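The chain contents come next:
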Amino acid sequence: MILELKNIDKSFGEKEVLKGVTFTAVGGKAFGLLGRNGAGKTTSIRILMNVFPADKGEILIDGKPIDYDKIGIGYLPEERGLYPKKLIIDQLVYFAELKGMSKKEATKAVDYWLNRLGMSEYRNKKLDTLSKGNQQKIQLVTALAHDPDIVILDEPFSGLDPVNAMLLKDVVKEQIAKGKIVLFSSHQMSYIEEFCDSIAIINAGKVAISGDLHDIKRNYVRDKLVVSTMAPEQIKADLGEACTEREDGTLLIQLANPNEKQTMMKRLVETYDIDEVKVFEPSLNDIFVEYAGAQV
């Protein structure tokens, strides 16, 4: 299954929020939709979910306009959207029924997910008796109980402790393995980098960069080296401004020309006590800062 947003425009009054947004997400892989607050991520997601229409553009599944009667979408919002004073089982079944399930099917699916997420003991509790992290897991059930084709996760790890974060990771991997399209929107770059094969970074309503994350990284000019050493001071003294120390204690060496990689590596290993030397590859955080750092 291939999801395409093509040339999506959206304005609210005089404010132009989306300007030709285009990206592609593929089933069986996770896709990261990134951008600063106000960049247009939420508007793109709402148009995808058919909350409101685009002014221009189209949403396609396998090359054809999306049919919302046939394509199920599960959504985990950043902000909680459940009823704090209602019993958990009642509202989870209700939301699953809204997605087209019978009450029997909904109850069975909800109980499966409550058990899968270690939440069965809270089945007949009110939502406001749960911790923030457990409320997040209950919210996740609403996104998954109806077995959607597209799963949209907006800041899914917010409020989760490391144990529950690991549980959610396993659930996400299961959804990807089933061939579903999993779309992440998050500011936690480590999770995006862990899960997502492809990304799109939106800046001021436009896609600043998109595509395979590995390819994006490889396309950066390879003119820097990262060096691990127990004696950084001598290298810094010898190389001067071309050498800076990073937060993790490694050294970043700027080359005058990418073709100098091998020569510089050999010189470093032969001259200094080097533990490791490698070509610098930008992290997703580096890429995000470059492409989303300034809104225009």
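Residues numbered from 1 in each chain as written. Predicted model: local features only at pLDDT ≥ 70, side-chain atom pairs only at ≥ 80, totals over all residues. Heavy atoms only, no water.

**Q** Pulling in residues and values, what's your account of the packing of aromatic side chains?
**A** For the coordinates displayed, the defined rule picks out 8 aromatic pairs. Taking the centre distance of 3.8 Å and the plane angle of 10° together, the rings of Phe157 and Tyr191 count as stacked. A residue pair is termed long-range when its members are at least 10 positions apart, and Phe157 in the loop between strand E7 (150-154) and helix H5 (162-177) and Tyr191 in helix H6 (residues 189-195) qualify at 34 residues. Assigned by exposure class, Phe157 and Tyr191 land together as buried. Plain terms: the ring middles of Phe157 and Phe195 are 6.3 Å apart, the flat faces sit at 15° to each other, and that makes the pair stacked. Placement of the pair is Phe157 in the loop between E7 and H5 and Phe195 in helix H6, with a sequence separation of 38 residues. Neither residue differs from the other here; Phe157 and Phe195 are each classed as buried. An aromatic cluster of three or more residues is present, and its members are Phe157, Phe184, Tyr191 and Phe195. (Phe/Tyr/Trp six-rings, centres within 6.5 Å; stacked < 30°, edge-to-face > 60°. Helix = DSSP H or I, 4+ residues; strand = E, 2+ residues; numbered from the N terminus. Buried < 20%, exposed > 50% of the residue type's maximum accessible area, 1.4 Å probe, protein only.)

**Q** Tell me about the environment of Lys64, and please be specific about residues and values.
**A** Residue placement: Lys64 occurs in strand E5 (residues 64-65). For Lys64, a relative accessible area of 60% corresponds to the exposed category. Along the backbone, Lys64 and Met101 are 37 residues apart, and their C-alpha atoms lie at a distance of 25 Å.

**Q** I'd like a rundown of the sheet that holds strand E2 (residues 15-26), residues and numbers included.
**A** Hydrogen bonds between backbone atoms are what pair the strands of a sheet, whose relative direction is either parallel or antiparallel. Strands sit in the order E2-E1-E4-E5 across an open sheet of 4 strands; the sheet is antiparallel. Looking at which strands have only one partner, the edges of the open sheet turn out to be E2 and E5. With 2 bridges connecting them, strand E4 (residues 56-61) and E5 associate as antiparallel partners. Bridge assignment links Leu60 to a residue of E5, and that residue is Pro65. (Pairing = 2+ DSSP bridges.)

**Q** Quick rundown of the packing of helix H2 (residues 88-98) against helix H4 (residues 132-144)? Include the residues and the values.
**A** Their axes nearest at 9 Å, the elements H2 and H4 cross at an angle of 25°. As far as their axial angle goes, H4 and H2 are roughly parallel. Crossing hand, H2 versus H4: right-handed. In contact with Ile88, Leu92 and Phe95 of H2, H4 contributes Ile138, Val141 and Thr142. Here the residues of the contact of H2 with H4 are counted per class, giving 5 nonpolar, 1 polar and no charged. (Axes fitted to C-alpha atoms, helices over the stretch in contact; angles between N-to-C directions. Parallel < 35°, antiparallel > 145°, perpendicular 65-115°, else oblique. Left-handed = near helix turned anticlockwise from the far one by under 90°. Contact = heavy atoms within 4.5 Å. Nonpolar A, V, L, I, M, F, W, Y, C, P; charged D, E, K, R; others polar.)

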